[in-house]
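# Chains, contacts and geometry: an overview
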Amino acid sequence: MSGGGGASAGAIETDALVIGAGPVGLFQVFQLGLQDLRCHVVDVLSQPGGQCAELYPAKPIYDIPALPVCSGTELVERLLQQVAPFDPVLHLGQEVESLAPRADGRFDIGTSAGTQFIARAVFIAAGVGAFSPRRLKLPGLDTLAASCVSHQAPDVSACQGQTVLVHGGDDRALDWACRLAEHGVAVSLLYRRDVYPAAPEQVRRLELLASQGRVTRRVGQPTQARADAAGQLTGVDHLDPSGQTHHEPATRLFVSLGLSPRLGPLSSWGLQMERKLLDVEPSRFETSLPGVYAVGDINSYPGKLKLIVCGFHEATLAAWAAAHRLRPDAPHHLEYTTSSARLQRLLGVLPRGAE
Ligand SMILES: Cc1cc2nc3c(=O)[nH]c(=O)nc-3n(C[C@H](O)[C@H](O)[C@H](O)COP(=O)(O)OP(=O)(O)OC[C@H]3O[C@@H](n4cnc5c(N)ncnc54)[C@H](O)[C@@H]3O)c2cc1C
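Residues numbered from 1 in each chain as written. Predicted model: local features only at pLDDT ≥ 70, side-chain atom pairs only at ≥ 80, totals over all residues. Heavy atoms only, no water.

### Description of the nonpolar core
Definition in use: The term nonpolar core refers to a set of buried residues drawn from Ala, Val, Leu, Ile, Met, Phe, Trp, Tyr and Cys, joined through side-chain atoms within 4.5 Å. The buried label applies to any residue whose accessible area, calculated with a 1.4 Å probe on protein chains only, is under 20% of its type's maximum; exposed applies above 50%, and partly exposed to all values in between. Going along the chain from the N terminus, every DSSP run of H or I of four or more residues is numbered as a helix, and every run of E of two or more is numbered as a strand.
Ranked by internal contacts, the top residues of the largest apolar core, which has 64 residues, are Leu75, Leu99, Ile109, Val122, Phe123 and Ile124. With 9 residues, the top contributor of residues to this core is helix H6 (residues 308–326). Ranked by size, the runner-up nonpolar core spans 22 residues in total, among them Val164, Trp176, Cys178 and Val185.

See below:
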């Protein structure tokens, strides 16, 4: 990408661009807010929360300070609540593809959706990389109309009147099947085993709905997608554990076979890396490119632990470092949220202009 000094037409100008809306990216927004730096956040996923939301939404976390136990979903909800006063703009469902320094000291950033940003500082909170769903490979799938098959969460209202088959056994698959059933959609769940690698609450929810006849459970491996002449899905053949083939009628297929992270374009941005992690200096969490910071699971430094609490610490120091860099002449002294009227105004606890 070019490094021009003028603003590109249509580009969004911002103090900070946060890449990744996982727990650390969200806390980064909070810490930048306390530094009075405004943020835009980009994530390739359709919802915020990173690994917590995608890999273990219902599992308990026990090592978040002052929260003896909370689920992945609850942690994300609390973080979103905490950043709300700073009104960050979330750009979901798009991958950051390019990052390049500009002649004016800012950065050009571009996404897969064509969104362009010009940011004064960039915070890479990309975790283990951009998640993408593992794709189902099945004869007959390629010839289907695109609307019949999805690897993303179903839109419940668009599924009304459809016969839905969910394929998978993880938290996401069970949640999709249950949500559809709870909204009156005819739904079956197909998984290769009758034991699900999902949180006990999700399994209980499924069992209840199944006992009420609102979800049909099938055990087997899909072998063939069937379609009519117009390419509309009519059903899926599957092989049960005893080797018998069955046909499950369906007009919509939703697949959840897990997510695989991939580092993606990040590795081509010219930042110093080692073993797919970004090298940072651990007092500022700055990468080899000044003004670009890396926090959370994506970074590496001596003693690094891939824990959420460590990412929160990194985000705090990175925000301070960025504020120093962007406002070198401003006084920088530690203030407490308990007693600083300035911070409380930023948090919206005191009205702006109040002493
Ligand atoms: C099963 C499991 C249980 C865990 N339990 C605990 C626990 O109990 N306690 C604990 O502290 N930690 C736990 N962890 C680890 C914890 O989840 C991670 O340390 C944490 O999620 C890291 O947060 P992050 O924001 O750095 O990255 P992530 O949560 O990985 O989020 C990164 C986000 O960046 C996005 N992204 C990446 N590249 C791009 C790009 N180019 N463009 C746009 N978006 C991009 C991804 O889609 C993702 O949403 C657990 C992990 C797993 C898998």
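### Considerations on the packing of helix H4 (residues 171–182) against helix H5 (residues 200–211)
Rule in force here: Here an axis means a line fitted to C-alpha atoms, over the contact stretch when the element is a helix, while the angle between two N-to-C directions is reported on a 0 to 180 degree scale. Take the far helix as your reference; a near helix turned counterclockwise from it by less than a right angle gives a left-handed crossing, and one turned clockwise gives a right-handed crossing. In this analysis, two residues are considered to be in contact whenever any of their non-hydrogen atoms come within 4.5 Å of each other.
In the contact formed by H4 and H5, the axes pass within 9 Å of each other and the chain directions differ by 35 degrees. The chirality of how H4 crosses H5 is left-handed. Contact residues: Asp171, Leu174, Asp175, Cys178, Arg179, Ala181 and Glu182 in H4; Gln202, Val203, Arg205, Leu206 and Leu209 in H5.

### Quick word on the confidence of the model for the protein chain
For clarity, the threshold we go by: Residue-level confidence of the predictor is what pLDDT reports, using numbers from 0 through 100.
Mean pLDDT over the protein chain stands at 93; residues scoring 70 or higher make up 97%. Confidence drops under a pLDDT of 50 for residues 1–6, and excluding neighbours within four residues, the segment shows 18 contacts in the predicted structure.

### Description of the packing of helix H1 (residues 23–34) against H6
Rules: The classification used treats Ala, Val, Leu, Ile, Met, Phe, Trp, Tyr, Cys and Pro as nonpolar, Asp, Glu, Lys and Arg as charged, and all other residues, Gly among them, as polar.
At a closest axis distance of 8 Å, the pairing of H1 and H6 adopts a crossing angle of 35 degrees. Between H1 and H6 lies a crossing of right-handed hand. In this structure, H1 uses Pro23, Val24, Phe27, Gln28, Gln31 and Leu32 to contact H6, whose residues at the interface are Ile308, Gly311, Phe312, Ala315, Thr316, Ala318 and Ala319. Its residues assigned to classes, the contact of H1 with H6 comprises 9 nonpolar, 4 polar and no charged.

### Notes on the sheet that holds strand S11 (residues 163–167)
Adjacent strands of a sheet pair through backbone hydrogen bonds, lying either parallel or antiparallel. Basically, it comes down to this: Note: two strands are recorded as paired if DSSP finds a minimum of 2 bridges between them.
Pairing within the open sheet is parallel, and its 5 strands lie in the order S10-S17-S11-S12-S13. With partners counted over all chains shown, the strands left at the sheet margins are strand S10 (149–150) and strand S13 (215–219), one partner each. Where strand S12 (residues 186–191) meets S13, 5 bridges bridge the pair, whose relative direction is parallel. By the bridge assignment for S13, valine 187 is matched with valine 215. Across the sheet, H4 is in contact with S11, S12, S13 and strand S17 (252–255); its angle to S12 comes to roughly 165 degrees. Sitting on the sheet, H5 touches S12 and S13, and the angle it makes with S13 is about 110 degrees.

### Considerations on the sheet that holds strand S20 (residues 277–279)
One open sheet holds the 3 strands; their spatial order is S19-S20-S22, and the pairing between them is mixed. Looking at which strands have only one partner, the edges of the open sheet turn out to be strand S19 (273–274) and strand S22 (299–300). As paired strands, S20 and S22 are joined by 2 bridges and run parallel to one another. If you follow leucine 278 over to S22, its bridge partner there is asparagine 299.

### So, the site of the ligand
The condition that has to hold: The criterion for a residue being near a molecule or strand is simple. One of its heavy atoms has to lie within 4 Å of it. A 3.5 Å cut-off defines polar contacts: any pair of N or O atoms within that distance qualifies, except that in protein one atom must be a possible hydrogen donor and the other a possible acceptor, and neighbouring residues in sequence count only when both atoms are side-chain atoms.
Close to the ligand lie 31 residues, the nearest being Asp43, Gln51, Tyr56, Val96 and Asp297. Within the contact set of the ligand, an oxygen atom lies 2.7 Å away from a side-chain nitrogen or oxygen of aspartate 43. At a separation of 2.8 Å, an oxygen atom of the ligand approaches a polar side-chain atom of glutamine 51. Among the secondary structure elements, those contributing two or more residues to the shell around the ligand are H1, strand S2 (39–43), helix H2 (50–54) and strand S9 (130–133). Of all the elements, H1 adds the most residues to the shell around the ligand, at 3 residues. Considered class by class, the residues forming the shell around the ligand number 17 nonpolar, 9 polar and 5 charged.

### Brief notes about H4
Going by this rule: Here the expected length of a helix is defined as 1.5 Å per residue gap, with one fewer gap than residues.
Given a rise of 1.5 Å per residue, 12 residues ought to cover 16 Å, and the 16 Å separating the end C-alpha atoms of H4 matches this to within 8%. Along H4, the residues classified as buried are Asp171, Arg172, Ala173, Leu174, Trp176, Ala177, Cys178, Leu180 and Ala181.

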